[in-house]
Amino acid sequence: MKIAVFAGDGIGPEVTREAVRVLEALDLPGLVLFEGDVGGIAYKRHGHPLPAETLEIARSCDAILFGAVGDPDCDNLERHLRPEQAILGLRKELGLFANLRPAKVFAGLEDASALRPEVASKIDLLIVRELNGDVYFGEKGIRILPDGRRQGWDMMSYAEDEVRRIAHVGFRAAMGRGKKLCSVDKANVLETSQVWRDVMIEVAKDYPEVELSHMYVDNAAMQLVRNPGQFDVVVTGNLFGDILSDQASMCVGSIGLLASASLSDGKMGLYEPIHGSAPDIAGKGLANPMATILSAAMLLRHSLGLEAQAARIEAAVAKTLADGIRGGDLGGSHGTAAIGDAVLERL
Ligand SMILES: NC(=O)c1ccc[n+]([C@@H]2O[C@H](COP(=O)([O-])OP(=O)(O)OC[C@H]3O[C@@H](n4cnc5c(N)ncnc54)[C@H](O)[C@@H]3O)[C@@H](O)[C@H]2O)c1
Ligand SMILES: CC(C)[C@H](C(=O)O)[C@@H](O)C(=O)O
Ligand SMILES: [Mg+2]
C-alpha cells in the first residue's frame, strides 16, 4: 500500500501531519508513505507548482493524501505557475473526475452550525461534484478589445459523456443512501446546463428506484440554508460544486470539518480537506485537522478497501467532538496538535 503525501502550503503541512499520525497509529501492514512537493513550496524549490517528480510519485502510488495549496506571494505569477495549478493538474492528469464531499452534522455539534440547531441537526448530504470539466478547464484568456478595454474570458462547457459519467456516480451514490438525487444546474440561462439536465434525465432511466429532481443553483444555495435536511445526494458541475460545498461546510459547523475524495474510474484517488491553505492562520497551530483526518478515512475506504479502519477513524473524530474538544473554528481553544492528540487517544 503506497500512499503519496503532498502537504503543500500554509496550513497544509500542519493538518497533514496530524492525519499522517493517525494513519501511522493504525499500524497498517505494508503501508509506505512517499512525500512530494506541490503548490507554492514546489514552485519555490523546483520552479513549478506540480513538478514532474511529484507527478511520478502520484502515479506510482495507490492513493494521495493532499493538504492544501495557495500562497499569497504567488498570486501575481503567470496562471500556469500558480500553486492552485498543482491540484488542478493532479485532478486532470490522473482523471479524477468524481469529487465526493459529504456533509453531516456530528452529534453534539448542532450549536456550532451557522444555522439553528433544529435545522442543522437534519443535515446528512453528499455533494457529488464533477471535477475535470466546466469553466475550470475551458479555454481562457485576457484580451484587449478594439476600444482598448481589457476583457477576461473563460469558456464554460460540458460534453454529454462528461456529464454521463458523473451522473452515474451520482445515481450510484444515491442507490447506496436515501435514493434521492438532486441535480443542480442553471439550465434557465446556460446551454452548458441544458445539456447537463438532458443527460441527467436520460441516465435516470437506468436507476428507476432513484427519485431525480432538478434545482437551479441560486435556489439550491438558498435551500441549503433554509432546509438542508431535504437533500440526500446533490450532483453538480465543477464551479457550482465548489461554491456549494464551502457553503455546506458552514451549515455543519466549520470548513475545518469537511473531507473529500476525488476519484477516477479505477482505484486511484486523491483525498483532501475541502478548505485551502488558510494564510490568515498558517504557522500558528490553529487549524482544525479534522477535515484532513476524515479525508484519510475516505482514502482507506475508497482506495484501499479498509472499511473497518476508515470507520475507526471517523468514530474517533466523532468521539473527540462529542467530548467537547473543539478548535477555534468551532468556538473552542484546542490547537492543531491537541486535536490530533485527542483523536489519537480515541482511536
Ligand atoms: N484544494 C486546495 O488546495 C484549496 C482549496 C481552497 C482554497 N485554496 C487556496 O487557499 C488559499 C486561501 O484561500 P481562501 O482563504 O479563500 O480559503 P481557505 O479555505 O484557505 O480559508 C477560508 C477561511 O477558512 C478558515 N479555515 C480554512 N481551513 C481551516 C481549518 N482547517 N481550520 C480552521 N479554519 C480554517 C481560514 O482561516 C479562512 O478564514 C488560496 O490561495 C486558495 O486558492 C486551495
Ligand atoms: C484551489 C481551487 C483550485 C479548488 C477548486 O476550486 O476546486 C478549491 O477551491 C477546492 O475546493 O478544492
Ligand atoms: Mg473550493
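Counting starts from 1 at the beginning of each chain's written sequence and moves along it residue by residue. Naming scheme: in the order in which they are written, chains are lettered from A and ligands are numbered from 1. Local features in this predicted model are restricted to residues of pLDDT 70 or higher, and side-chain atom pairs are both shown and tallied only at a pLDDT of 80 or more, whereas totals for entire chains, interfaces and linings draw on every residue.

**Details of the site of ligand 1**
So, point 1. Around ligand 1 there are 22 residues in total, and G70, G256, H275, G276 and A278 lie nearest to it.
So, point 2. Here the residues of the shell around ligand 1 sort into eleven nonpolar, seven polar and four charged. The C-beta atom of each residue is placed using the backbone, and any residue whose C-beta lies within 6 Å of a molecule or strand is treated as near it. Nonpolar residues are Ala, Val, Leu, Ile, Met, Phe, Trp, Tyr, Cys and Pro. Charged residues are Asp, Glu, Lys and Arg, and all others, Gly as well, are polar.

**A short note on the pairing of strand 1 (residues 2–8)**
Sheet faces and side chains relate simply in a regular strand, where the side chains alternate between the two faces.
So, point 1. Residues with at least 20 neighbouring C-beta atoms inside 10 Å of their own are called buried, those with 12 or fewer are called exposed, and the rest are partly exposed, where every C-beta is derived from the backbone. Note on conventions: DSSP H or I runs of at least 4 residues are helices, E runs of at least 2 residues are strands, and numbering of each starts at the N terminus. With six of its seven residues buried, strand 1 lies for the most part within the structure.
So, point 2. By the bridge criterion, four bridges tie strand 1 to strand 2 (residues 32–35) in an arrangement that is parallel. Within strand 2, the residue paired with K2 across the bridge is V32.
So, point 3. When the strands point away from the viewer and the path from the first strand over the helix to the second turns clockwise, the crossover is right-handed. Considered for its hand, the β-α-β crossover made up of strand 1, helix 1 (residues 12–25) and strand 2 is right-handed. Any two strands are treated as partners once DSSP identifies two or more bridges connecting them.

**Things to note about the nonpolar core**
Most often, soluble globular proteins have nonpolar side chains that are buried together.
So, point 1. Counting residues in each nonpolar core, the largest one holds 102 residues, and the members touching the most others are I64, L65, V128, V234, Y271, I293 and A296.
So, point 2. If one sorts the elements of this core by residue count, helix 10 (residues 290–302) sits on top with nine residues.
So, point 3. Shared between two domains, this core holds at least three residues of each, these being domain 1 (1–97 + 266–347) and domain 2 (110–134 + 160–252).
So, point 4. This entry defines residue contacts through backbone-placed C-beta atoms, with two residues in contact when those atoms are within 7 Å. Residue contacts for A296: discarding those within four places in its chain leaves A19, V22, L23, L65, Y271 and I313. Buried Ala, Val, Leu, Ile, Met, Phe, Trp, Tyr and Cys residues whose C-beta atoms connect them within 7 Å together make up a nonpolar core. An automatic or database domain assignment supplies the residue ranges for each domain.

**Things to note about the environment of T16**
So, point 1. Mapped onto the elements, T16 comes out in helix 1.
So, point 2. Of the residues examined, T16 has 26 C-beta atoms within 10 Å and is grouped as buried.
So, point 3. Apart from the residues lying within four places of it in its own chain, the contact partners of T16 are V5, A7, L65, G67 and T292.

**Thoughts on the site of ligand 2**
So, point 1. Every residue lining ligand 2 is accounted for by E84, I87, L88, D242, I274 and G276.
So, point 2. Tallying contributions element by element places helix 4 (residues 84–93) first for the shell around ligand 2, with three residues.
So, point 3. Of the residues in the shell around ligand 2, the class split is three nonpolar, one polar and two charged.

**Some details on the domain arrangement of the protein**
So, point 1. When its domains are assigned, the protein resolves into domain 1 (1–97 + 266–347) and domain 2 (110–134 + 160–252).
So, point 2. Spacing between the C-alpha centres of domain 1 and domain 2 amounts to 25 Å.
So, point 3. Across the contact, eight residues belong to domain 1 and nine residues belong to domain 2.

**Section: the sheet that holds strand 2**
So, point 1. As summarised here, the arrangement of the ten strands in space is 2-1-3-12-11-4-5-10-8-9, forming an open sheet in which the pairing is mixed. Where the open sheet ends on each side, the last strands, each with one partner, are strand 2 and strand 9 (211–216). Along the sheet, successive strands turn relative to each other by an average axial angle of 25 degrees, direction set aside.
So, point 2. Summarising the sheet, strand 11 (residues 259–263) and strand 12 (residues 269–273) pair through five bridges and their orientation is antiparallel. Paired with L263 across the two strands is G269, which belongs to strand 12.
So, point 3. To define axes, lines are fitted to C-alpha atoms, for helices over the stretch in contact only, and angles between the resulting N-to-C directions are given on a 0 to 180 degree scale. Across the sheet, helix 8 (residues 217–226) lies against strand 8 (180–185) and strand 9, angled at about 105 degrees from strand 9, the strand it touches most.

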